[in-house]
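# Coordinates in review
This is what each chain is made of:
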Amino acid sequence: MAVRFELLKRDKHTGARRGRVYTPHGTIETPVFMPVGTQATVKTMSPEELKEIGAEIILSNTYHLFLRPGHDIVKEAGGLHSFMNWDRSILTDSGGFQVFSLSSLRKITEEGVEFRSHLSGEKLFLSPEKAIEVENALGADIIMAFDECPPYPATRDYLKESLERTTRWAKRCKQAHRRPHDQALFGIVQGGMERDLRKQSAEELIELDFPGYAVGGLSVGEPKPMMYEVLEFTTPLLPQDKPRYLMGVGSPDDLFEGVERGIDMFDCVLPTRIARNGTCMTSVGKVVIRNATYVRDWEKLDPNCDCYTCRNYSRAYIRHLIKADEIFGLRLTTYHNLYFLVQTMKKIRESIEQDRFLAFKKDFYEAYGYNVG
Ligand SMILES: CCNc1nc2cc3[nH]c(NC)nc3cc2c(=O)[nH]1
Ligand SMILES: [Zn+2]
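A brief look at the structure comes next. All values derive from a computational prediction rather than experimental measurement.

## A few points about the sheet that holds strand 5 (residues 57-60)
Pairing is parallel in the open sheet, where 8 strands are placed in the order 4-14-13-12-11-10-6-5. The sheet terminates laterally at strand 4 (32-34) and strand 5, the two strands that pair on one side only. Within the sheet, the average angular offset between the axes of one strand and its neighbour, ignoring direction, is 25 degrees. In the sheet, strand 4 pairs with strand 14 (residues 265-267) via 3 bridges, with the strands oriented parallel. Each bridged residue has a counterpart across the sheet, and for Met 34 the counterpart in strand 14 is Asp 267.

Spelled out as structure tokens, the structure:
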């Protein structure tokens, strides 16, 4: 089968779990952070550098690749793995979320979503069947169902109608899926911030029996405590023996809080996006490298990091490159931010193995500058 999940250990004191996902392109140690490569590249990084960093899976966006260069071109290249020369695992989303966050003139019907391309303005259409056709052509190891991520806030009536349509769409995705043996289709749980609606969505999707489940509809502007509370009552509804994926998360604290509540997989553009404007995540908290304080700072970016950036360059040099809009500066900050998050997930996995997740979380929060709850 396309994806198999092995639950290796559960934390005694929290919902944290250590697992492993097997895909046709290798294994993924979980909990895992997935770097985002929206347009078939993790911006400024080569596949070799991503491997050096320790990335085992990356995410690409169906909406963007559908618009440009088109899924037929990527298929002609032999699929996304050969197109971008990445021989490890890939996850593609289904385009629904980007349609709402990027395109204009959207219209949702039972059939699907009509929208205008944010690039050309031409009228386009995505449906469960079309999204799966594109994802089958791209050939990712894990593909996401076509869903609606409701806006936040939303009325209970809207949330109920939307989750029920998302379930009907999930069923259509499953029927349209042409490559279930080498591409695992994950369902996406919706229901907003409502406990009973989340339960309904989870039960309806579990009924359809997917190899993995995402918790959607979060990290959409709701207060963090609300996101954590929704995870608190949603994650336990999902099968223990299948991966759980929290979409669009996140920042270091959100990763810890998600792991603590039973999430195995995360993706977020934050580390790569903030790197490009000169903000770095380090073991001693955020370092906004463009600040004047670093003009003569000959120390390395992160005193406790052994990555390529931190082994070879000073804060003063990186600051100079970012201020001078030098592309190499973006590469150095991106490399470090991704290395920092991937290594933090590795330390989280080790802490679960050694029954000291909460202690590691406390130490990390204190060093990073988070208030220890
Ligand atoms: C697979 C596409 N569907 C889908 N993507 C999402 C992407 C997100 N990204 C964020 N915060 C940055 N929340 C998300 C929710 C969803 C969601 O509910 N659904
Ligand atoms: Zn570093």
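## Concerning the coordination of the zinc ion (ligand 2)
Protein coordination at the zinc ion (ligand 2): the donors are Cys 305 (SG), Cys 307 (SG), Cys 310 (SG) and His 336 (ND1), at 2.1 to 2.3 Å from the metal. Positions of the donor residues of the zinc ion (ligand 2) along the chain correspond to the pattern C-x1-C-x2-C-x25-H. With relative accessibility at 7%, the residue Cys 305 sits in the buried group. Classification of Cys 310 as buried rests on a relative accessible area of 3%.

## Focus: helix 8 (residues 195-208)
Between its first and last C-alpha, helix 8 extends 20 Å over 14 residues, near the 20 Å set by a 1.5 Å rise per residue. Along helix 8, the positions that sit buried rather than exposed are Leu 197, Arg 198, Gln 200, Ser 201, Ala 202, Leu 205 and Leu 208. Looking at the buried positions of helix 8, the neighbouring elements they touch are helix 7 (156-176), strand 11 (184-189), strand 12 (213-215) and helix 9 (224-234). Remark: Asp 209 follows helix 8 within two positions and exhibits a positive phi of approximately 55 degrees.

## So, the side chain of Arg 261
Position of Arg 261 among the secondary structure elements: in the loop between helix 10 (252-260) and strand 14. A distance of 3.3 Å separates the side chain of Arg 261 from the backbone oxygen of Tyr 228, its partner in a polar contact. The residues touching Arg 261, leaving out its near neighbours within four places in the chain, are Gly 15, Tyr 228, Leu 231, Glu 232 and Thr 235.

## Notes on the site of ligand 1
Close to ligand 1 lie 15 residues, the nearest being Asp 147, Gln 190, Gly 217, Leu 218 and Ser 219. Gly 217 is positioned such that a nitrogen or oxygen atom in its backbone is 2.7 Å from an oxygen atom of ligand 1. Contacts to ligand 1 include Ser 219, whose backbone N or O atom sits 2.8 Å from a nitrogen atom. Protein burial of ligand 1: of its 440 Å² of free accessible surface, 87% is covered by the chains. Split into classes, the residues belonging to the shell around ligand 1 amount to 7 nonpolar, 6 polar and 2 charged.

## Digging into the sheet that holds strand 8 (residues 113-116)
Backbone hydrogen bonds hold the strands of a sheet together, and the pairing may be parallel or antiparallel. Across the sheet, which stays open at both edges, the 3 strands sit in the order 7-8-9 with antiparallel pairing between neighbours. On the outer flanks of this sheet lie strand 7 (104-108) and strand 9 (123-126), each paired with one strand and no other. The average undirected angle you get between the axes of adjacent strands in this sheet is 20 degrees. Where strand 7 lies against strand 8, 3 bridges are found, and the strand directions are antiparallel. Bridging from a neighbouring strand, Ser 104 pairs with Arg 116 of strand 8.

## Focus on the packing of aromatic side chains
Under the criterion given, the structure shown has 17 aromatic pairs. Plain terms: the ring middles of Phe 210 and Tyr 213 are 6.1 Å apart, the flat faces sit at 85 degrees to each other, and that makes the pair edge-to-face. There is no split in this pair, since Phe 210 and Tyr 213 are both buried. On the numbers, 5.6 Å between centres and 90 degrees between planes, the contact of Phe 256 with Tyr 365 is edge-to-face. One end of the pair, Phe 256, is in helix 10; the other, Tyr 365, is in helix 15 (residues 357-368), and 109 residues separate them in sequence. For the pair Phe 256 and Tyr 365, one class covers both residues: buried. By the ring-pair criterion, three or more aromatic residues cluster together here, those being Phe 256, Phe 340, Phe 357, Phe 360, Phe 364, Tyr 365, Tyr 368 and Tyr 370. One Lys or Arg, Arg 4, reaches over the ring of Tyr 22 and ends 4.2 Å from the middle of that ring.

## Description of the environment of Val 288
Residue position: Val 288 is located in strand 16 (residues 285-288). On a C-alpha basis, the gap between Val 288 and Gly 278 in space is 6.0 Å, while along the polypeptide they are 10 residues apart. Excluding residues within four positions of it along the chain, Val 288 makes contact with Gly 278, Thr 279 and Tyr 294.

## Overview of the environment of Gln 200
Counting through the fold element by element, Gln 200 comes out in helix 8. The sequence separation of Gln 200 and Glu 164 amounts to 36 residues, and the corresponding C-alpha distance is 8.7 Å. Contact partners of Gln 200, with chain neighbours within four places excluded, come to Lys 160, Leu 163 and Glu 164.

Definitions and cut-offs
- Every chain is numbered independently, its residues counted from 1 as its sequence is written.
- Written order decides the labels, with chains lettered from A and ligands numbered from 1.
- With pLDDT at 70 or above as the cut-off, local features in this predicted model cover only qualifying residues; side-chain atom pairs require 80 or more to be listed or tallied, and sums for whole chains, interfaces and linings still use all residues.
- Here the side-chain values reflect all heavy atoms present in the structure, with hydrogen atoms and water set aside.
- A pair of strands is treated as paired once DSSP finds two or more bridges between them.
- Numbering of helices and strands runs from the N terminus; a helix is a DSSP stretch of H or I covering at least four residues, while a strand is a stretch of E covering at least two.
- Between the N-to-C directions of two axes lies an angle of 0 to 180 degrees, each axis being a line fitted to C-alpha atoms and, for a helix, fitted only over the stretch in contact.
- A donor here means an N, O or S atom no more than 2.8 Å from the metal, or no more than 3.2 Å when the metal is Na, K or Ca. Since water is not included, a site may seem to lack partners.
- The buried label applies to any residue whose accessible area, calculated with a 1.4 Å probe on protein chains only, is under 20% of its type's maximum; exposed applies above 50%, and partly exposed to all values in between.
- Helix span, as expected, comes to 1.5 Å for every residue beyond the first.
- Throughout, a residue-residue contact means that at least one pair of heavy atoms, one from each residue, lies within 4.5 Å.
- Identification of polar contacts relies on pairs of N or O atoms within 3.5 Å, with a donor-acceptor requirement for protein atoms, meaning one able to donate a hydrogen and the other able to accept it, and with residues adjacent in sequence counted only if both atoms are side-chain atoms.
- Only heavy atoms are used to decide nearness, and a residue is near a molecule or strand if one of them lies within 4 Å of it.
- Values of accessible area rely on a 1.4 Å probe in the Shrake-Rupley scheme; residue burial ignores everything except the protein chains shown.
- Classification convention: Asp, Glu, Lys, Arg as charged; Ala, Val, Leu, Ile, Met, Phe, Trp, Tyr, Cys, Pro as nonpolar; all other residues, Gly among them, as polar.
- Ring pairs shown here join Phe, Tyr and Trp side chains whose ring centres sit within 6.5 Å, with only the six-membered ring taken for Trp; geometry is labelled stacked below 30 degrees between planes, edge-to-face above 60, and tilted in between.
- A ring has a charge above it when a Lys NZ or an Arg CZ is no more than 6 Å from the ring centre and no more than 35 degrees off the ring normal.

Purely geometric stuff here, so don't read any function into it on its own.
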